[in-house]
Amino acid sequence: MFDKIKGNLIVSCQALPEEPLHSSFVMGKMASAAKEGGAKAIRAQGVEDIIEIKKVTGLPVIGIIKRNYDDSDIYITATKKEVDELLETGCEMIALDCTDRKRPGNESLEELIKYIKENNVLVMADISTYEEAVIAQKFGADCISTTLVGYTPYSVKKEGPDFELIDRLVNDMKIPVIAEGKINTPEDLREVYNHGVYSAVVGSAITRPQLITEKFVNAIK
Ligand SMILES: CC(=O)N[C@H](C=O)[C@@H](O)[C@H](O)[C@H](O)COP(=O)(O)O
């Protein structure tokens, strides 16, 4: 999988129940379109979407399950329950929130990463700070993704990618650094690659037409 994604584009195809495109059929079509455009892997949410996307595209999938818990702010593959569901899908890699926040039921991040690896699936660590990346690497994650930068109360909020953080991660991490989050244009994508990332994930700018439309509408307000 790492050979396939190196220097290439990963497209995130996600639509939660409250989003207009929520449907495994539609996400399968979206992923097929991404494949036709040259994407080499897909990031997808939920068992049904992952299975459909794998079936129709044959591309490697980074699987996540978003689920909210009352006792934690973590929602991306928060507990062993979500990991077990993802292991059934045959996805090549599981991404999980590796931020420094209390997990639901006080589960241990280290144990979760260990458990995924024991099941021979790769681990993508979704982080929001440099320190979280260091810990995820120590716990055995296979790669770092900047997914949650700007989404934890204590991380830097920016309109686009955080290039300073990317530079530090690329410089110091022994495992691949993947840029994800707020890559809004092809220029942003080129720029994260200029900063040395191993691969990059683009979501909303390609697969959330309601947000793309809004940008156009805002331009004429
Ligand atoms: C913060 C969070 O929940 N991010 C999610 C993670 O899977 C997705 O909603 C994003 O679309 C994905 O990370 C790609 O980012 P962007 O859509 O900005 O290209």
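Further up the page is the structure itself.
Residues numbered from 1 in each chain as written. Predicted model: local features only at pLDDT ≥ 70, side-chain atom pairs only at ≥ 80, totals over all residues.

Colleague: Tell me about unusual backbone geometry, and name the residues and values.
Modeller: In most cases, non-glycine residues show a negative phi, while peptide bonds are predominantly trans. Positioned with a positive phi, N106 is a non-glycine residue whose angle comes to about 55 degrees. With respect to the element layout, N106 can be found in the loop between strand 4 (93-97) and helix 5 (109-118). Positive phi, normally seen in glycine, also occurs at K182, with a value near 65 degrees. Examined against the element boundaries, K182 turns out to sit in the loop between strand 7 (177-180) and helix 8 (186-194). On the neighbour-count criterion, K182 (20 C-beta atoms within 10 Å) is buried. (Helix = DSSP H or I, 4+ residues; strand = E, 2+ residues; numbered from the N terminus. Buried ≥ 20, exposed ≤ 12 C-beta atoms within 10 Å, placed from the backbone.)

Colleague: Tell me about the site of the ligand, and name the residues and values.
Modeller: Near the ligand, the surroundings consist of 16 residues, among which S12, Y151, G181, G203 and S204 are the closest. Elements that contribute at least two residues to the shell around the ligand include exactly strand 8 (199-202) and helix 9 (204-207). (Near = placed C-beta within 6 Å.)

Colleague: Explain helix 2 (residues 24-37) to me, and be specific about the residues and the numbers.
Modeller: Helix length check: helix 2 (14 residues) gives 20 Å between terminal C-alpha atoms against 20 Å at 1.5 Å per residue, within 8%. Those residues of helix 2 not exposed but buried are M27, G28, M30, A31 and A34. The arc that holds the buried residues of helix 2, viewed along the axis, is 160 degrees, so those residues lie on one side. Exposed side chains of helix 2 directed beyond 90 degrees from the buried face belong to F25 and E36. Of the surrounding secondary structure, the elements contacted by the buried residues of helix 2 are strand 1 (9-13), strand 2 (41-45), helix 3 (47-57) and helix 9. Just downstream of helix 2, G38 is the residue with a positive phi angle, here 115 degrees. (Expected span 1.5 Å × (residues − 1). Arc of directions from axis to C-beta. Contact = placed C-beta atoms within 7 Å.)

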